[in-house]
Amino acid sequence: MRRTIRTGGFISRRLIHLSPVARYGIAIVAAEVATVLHLVLDPILEIRLPYIAFYPAVIISAWLGGLRSGVLTILAALIADHFWLRPSVDLLAGDLTDIGGLLVFITFGGVMSMLNEAW
């Protein structure tokens, strides 16, 4: 279903129109699936990249829900990483690799969310 919506002189052609509850629900479910996937793969592959499973979750939730949904997934991933994936590591006490990976994840997730919102 393709509809054209006129909002204040700006024409938006989004293919998918979801309610706010559905958008945020997708964001939470995507973060939960990524967390479970990371927890399953971590012992098998000994993943050093804690956010690798969360990149697709951010992209999918931003694509389906827009900017706010993507940002919510980023926040959920940060919470999951801090409380469930690495509970003994403090953000500021980590080495430069951990902080760099965190900054790359936040930057990439934010840019992808903004691009999907603009699309």
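The structure this text deals with has already been given above.
Residues numbered from 1 in each chain as written. Predicted model: local features only at pLDDT ≥ 70, side-chain atom pairs only at ≥ 80, totals over all residues. Heavy atoms only, no water.

Here we look at the overall build of the chain
Then, number 1: What the chain contains, in helices and strands, is four helices and two strands.
Then, number 2: Listing the helices and strands of the chain from first to last along the sequence gives β-β-α-α-α-α.
Then, number 3: Taking all 119 residues of the chain together, the buried fraction comes to 30%.
Then, number 4: If you take every contact in the chain between residues at least 6 apart in sequence, the share linking residues at least 24 apart comes to 67%.
Then, number 5: Element-wise, carbon and sulfur atoms account for 71% of the exposed surface of the chain, whose accessible area totals about 7700 Å². (Helix = DSSP H or I, 4+ residues; strand = E, 2+ residues; numbered from the N terminus. Buried < 20%, exposed > 50% of the residue type's maximum accessible area, 1.4 Å probe, protein only. Contact = heavy atoms within 4.5 Å. Areas by Shrake-Rupley, 256 points an atom, 1.4 Å probe, with all protein chains shown as cover.)

Description of a nonpolar patch on the surface
Then, number 1: Taken together, the side chains of Leu67, Val71, Leu75, Val111, Met114 and Leu115 make up a nonpolar region of the molecular surface, amounting to roughly 490 Å² of accessible area.
Then, number 2: Of note, Val71 is situated in helix α3 (residues 67-85). (Patch = residues over 30% accessible without salt bridge, like charges linked within 9 Å, V, L, I, M, F, W, Y side chains within 5 Å. Salt bridge = Lys/Arg side-chain N within 4 Å of Asp/Glu carboxyl O.)

Side note on the packing of helix α2 (residues 54-65) against helix α4 (residues 96-118)
Then, number 1: Remark: α2 packs on α4, axes separated minimally by 8 Å, with the N-to-C direction vectors making an angle of 20 degrees. It follows from the interaxial angle that α2 and α4 lie roughly parallel. Crossing of α2 against α4: the hand is right-handed. Of the residues in α4, those touching α2 at Phe54, Tyr55, Val58, Ile59, Ala62 and Trp63 are Val104, Phe105, Phe108, Gly109, Met112, Ser113 and Asn116. (Axes fitted to C-alpha atoms, helices over the stretch in contact; angles between N-to-C directions. Parallel < 35°, antiparallel > 145°, perpendicular 65-115°, else oblique. Left-handed = near helix turned anticlockwise from the far one by under 90°.)

Description of the nonpolar core
Then, number 1: Ranked by size, the top nonpolar core spans twelve residues in total: Ala30, Ala34, Tyr51, Ala53, Phe54, Ala57, Val58, Ile74, Ala77, Ala80, Leu102 and Phe105.
Then, number 2: Among the secondary structure elements, those contributing two or more residues to this core are α1 (20-45), α2, α3 and α4. (Core = buried A, V, L, I, M, F, W, Y, C linked by side-chain atoms within 4.5 Å.)

Side note on the environment of Met112
Then, number 1: Within the fold, Met112 resides in helix α4.
Then, number 2: Considered as a pair, Met112 and Trp63 are 49 residues apart in the sequence and their alpha carbons are 8.6 Å apart.
Then, number 3: With residues up to four places along the chain from it excluded, the contact list for Met112 reads Ile59 and Ala62.

So, the environment of His17
Then, number 1: Relative to the assigned elements, His17 resides in the loop between β2 (10-12) and α1.
Then, number 2: Among the residues examined, His17 registers a relative accessible area of 28% and is labelled partly exposed.
Then, number 3: Sequence spacing of His17 and Gly65 is 48 residues, and the spatial spacing of their C-alpha atoms is 8.4 Å.

What to know about the packing of aromatic side chains
Then, number 1: Counted by the stated rule, this structure contains three aromatic pairs.
Then, number 2: Between Tyr51 and Phe105, the aromatic rings sit 4.8 Å apart at their centres with planes inclined by 10 degrees, giving stacked as the arrangement. Here the residue Tyr51 occupies a position in the loop between α1 and α2, and Phe105 occupies one in helix α4, the gap between them amounting to 54 residues.
Then, number 3: Residue Phe105 is classed as buried on the basis of its relative accessible area, which comes to 0%.
Then, number 4: Considering the side-chain rings of Tyr55 and Phe105, the 5.3 Å spacing of their centres and the 80 degrees angle between planes classify their relative orientation as edge-to-face. Remark: Phe105 occurs in helix α4 and Tyr55 occurs in helix α2; sequence separation between them is 50 residues. (Phe/Tyr/Trp six-rings, centres within 6.5 Å; stacked < 30°, edge-to-face > 60°.)

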